[in-house]
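A look at the structure
What follows is the residue order along each chain.
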Amino acid sequence: MMSDSGYIFDIKKFAIHDGPGIRTTIFLKGCSMDCWWCHNPESRNLKPEPILKTNNIDEQEIIGREISVEEVLHEIDKDMIFYEESGGGVTISGGEALMQHDFLYSILKKCKEKNIHTALDTSGYAPEEIIRKITGVVDLFLFDLKLIDEETHEKHTGVSNRLILNNLKFLDDQEENIIIRIPIIPGFTDTESNLLQISEFIRNLNNVQSVNLLPYNKMGVEKYKRLKKLYKLTEVSVPSEERMNELKIYFKNKGIKVSIGG
Ligand code: SF4
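Not measured: the values here are computed from a predicted model.

1. Examining the pattern of salt bridges
Here the structure, examined in full by the defined rule, presents 23 salt bridges. Two residues, Asp34 and Lys232, come together in a salt bridge whose shortest N-O distance is 3.3 Å. Highlighted residues: Asp34 in the loop between strand E2 (23-28) and strand E3 (49-52) and Lys232 in the loop between helix H8 (221-227) and helix H9 (241-253), separated in sequence by 198 residues. We classify Asp34 as partly exposed; its relative accessible area is 30%. One salt bridge connects Glu246 with Arg243, and the closest N-O pair in it is separated by 2.8 Å.

2. Some points on the packing of helix H7 (residues 192-203) against H9
For the pair H7 and H9, the least separation of the axes is 11 Å and the interaxial angle reads 40 degrees. On the basis of their axis angle, the class for H7 and H9 is oblique. The interaxial crossing formed by H7 with H9 has right-handed handedness. The segment H7 lies against H9, with Leu195, Leu196, Ile198 and Ser199 engaging Arg243, Leu247, Tyr250 and Phe251. Taken together, the residues of the contact of H7 with H9 break down into six nonpolar, one polar and one charged.

3. Remarks on H9
An α-helical turn contains 3.6 residues, so any two residues separated by three or four positions project in the same direction. The terminal C-alpha atoms of H9 lie 18 Å apart, and with 13 residues this matches the ideal 18 Å at 1.5 Å per residue to within 8%. The secondary structure elements touched by the buried residues of H9 are strand E9 (178-184), H7, strand E10 (208-215) and strand E11 (258-260). Downstream of H9 by one or two residues, Gly255 has phi in the positive range, about 85 degrees.

4. Thoughts on the site of the ligand
In the region of the ligand, the neighbouring residues are Cys31, Met33, Cys35, Cys38, Ser43, Arg44, Gly95, Ser123 and Lys146. Of all the cavities here, the one that holds the ligand is the largest pocket. Residues that form the shell around the ligand fall into these classes: four nonpolar, three polar and two charged.

5. Considering empty space enclosed by the protein
Tallied over the full model, the rule gives one cavity of 30 Å³ or more. Approximately 40 Å³ is the volume found for the largest cavity. What lines the largest cavity is Ser123, Asp144, Leu145, Lys146, Leu147, His153, Asn161, Ile164 and Leu165. Split by residue class, the lining of the largest cavity holds four nonpolar, three polar and two charged.

6. A word on the packing of aromatic side chains
Scanning all chains against the criterion turns up six aromatic pairs. Centroid distance Phe9 to Phe27: 5.6 Å. Interplanar angle 55 degrees. Geometry classified as tilted. Placement of the pair is Phe9 in strand E1 (residues 5-15) and Phe27 in strand E2, with a sequence separation of 18 residues. Exposure class is identical for Phe9 and Phe27. Each is buried. Here the aromatic rings of Trp36 and Phe188 are separated by 5.9 Å at their centres, their planes lie at 65 degrees, and the arrangement is edge-to-face. Note that Trp36 is positioned in the loop between E2 and E3 and Phe188 in the loop between E9 and H7, a separation of 152 residues in sequence. Here Trp36 falls in the partly exposed class, since its relative accessible area comes to 22%. Assessed through its relative accessible area of 16%, Phe188 is described here as buried. Through pairs of rings, three or more aromatic residues link up here, namely Trp36, Trp37 and Phe188.

7. Notes on the environment of Glu70
When you line up the elements, Glu70 lands in helix H1 (residues 69-78). Residue classification places Glu70 among the exposed positions, given a relative accessible area of 68%. Through-space distance from the C-alpha of Glu70 to that of Asn40 is 25 Å; in sequence the pair is 30 residues apart.

About the criteria used
- Residues numbered from 1 in each chain as written.
- Predicted model: local features only at pLDDT ≥ 70, side-chain atom pairs only at ≥ 80, totals over all residues.
- Heavy atoms only, no water.
- Salt bridge = Lys/Arg side-chain N within 4 Å of Asp/Glu carboxyl O.
- Helix = DSSP H or I, 4+ residues; strand = E, 2+ residues; numbered from the N terminus.
- Buried < 20%, exposed > 50% of the residue type's maximum accessible area, 1.4 Å probe, protein only.
- Axes fitted to C-alpha atoms, helices over the stretch in contact; angles between N-to-C directions.
- Parallel < 35°, antiparallel > 145°, perpendicular 65-115°, else oblique.
- Left-handed = near helix turned anticlockwise from the far one by under 90°.
- Contact = heavy atoms within 4.5 Å.
- Nonpolar A, V, L, I, M, F, W, Y, C, P; charged D, E, K, R; others polar.
- Expected span 1.5 Å × (residues − 1).
- Near = heavy atom within 4 Å.
- 1 Å grid on protein atoms, 1.4 Å probe; cavity = no way out; pocket = protein on both sides within 12 Å on 5 of 7 lines; lining within 4 Å.
- Sits in = over half its atoms within 2 Å of the grid points.
- Points joined across faces, edges and corners; volume = space filled by probe spheres on them.
- Phe/Tyr/Trp six-rings, centres within 6.5 Å; stacked < 30°, edge-to-face > 60°.

Here is the structure:
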């Protein structure tokens, strides 16, 4: 199924951390997960929603808008020269873009018709038939892997990870290009047992190009206040450079190609 329009909350030009080369990243609205550390709380609601302009002023603006596939492609077309020169392309992010899979498919299909490299930044939380549907139009999966223990995953993200892990295995079996992104949330995703389980899981896959370790950041805290939502991770500090390097060495010693950042 195709769709003529959908909901986005941002378009980032000249992105250099969302896949190879210079990219245009389109942020789709909607996510049914509830990660305690989510730094894009404005992405979670599928529809546009009010947000305070600043934390101190009681004046609202609307975050998100409906946009046609044609308009998105118009924005993409403007940056073609940069993709060609840098080996870049288009990345679709969120929220969880698979929530609007018809809209997502329509954008990516048009990109492929123009021979543009496509990447999908995803939590992998979607029915397998949706994953199957989009494999033909995605060149690179930027796949988030957070927690392997199902109960812990459910506690800190609101959903079981069964679908996610099965989808990752499915993509690997299909020999898709995959980069795994692990958010490093101190005390949550960097525990000894989770690191061991994640590294073992990755070592059993065959098509993972590399692992990106994404240090926790507090960029979203302000936005929670502006959305009048509760931020659950007030006590957690950002990981030090030393800790991130330690983790990099940990994965490297397991024979996994790894880097810090996107
Ligand atoms: S999957 Fe991503 S967008 Fe959704 S709640 Fe988690 S961090 Fe936020």
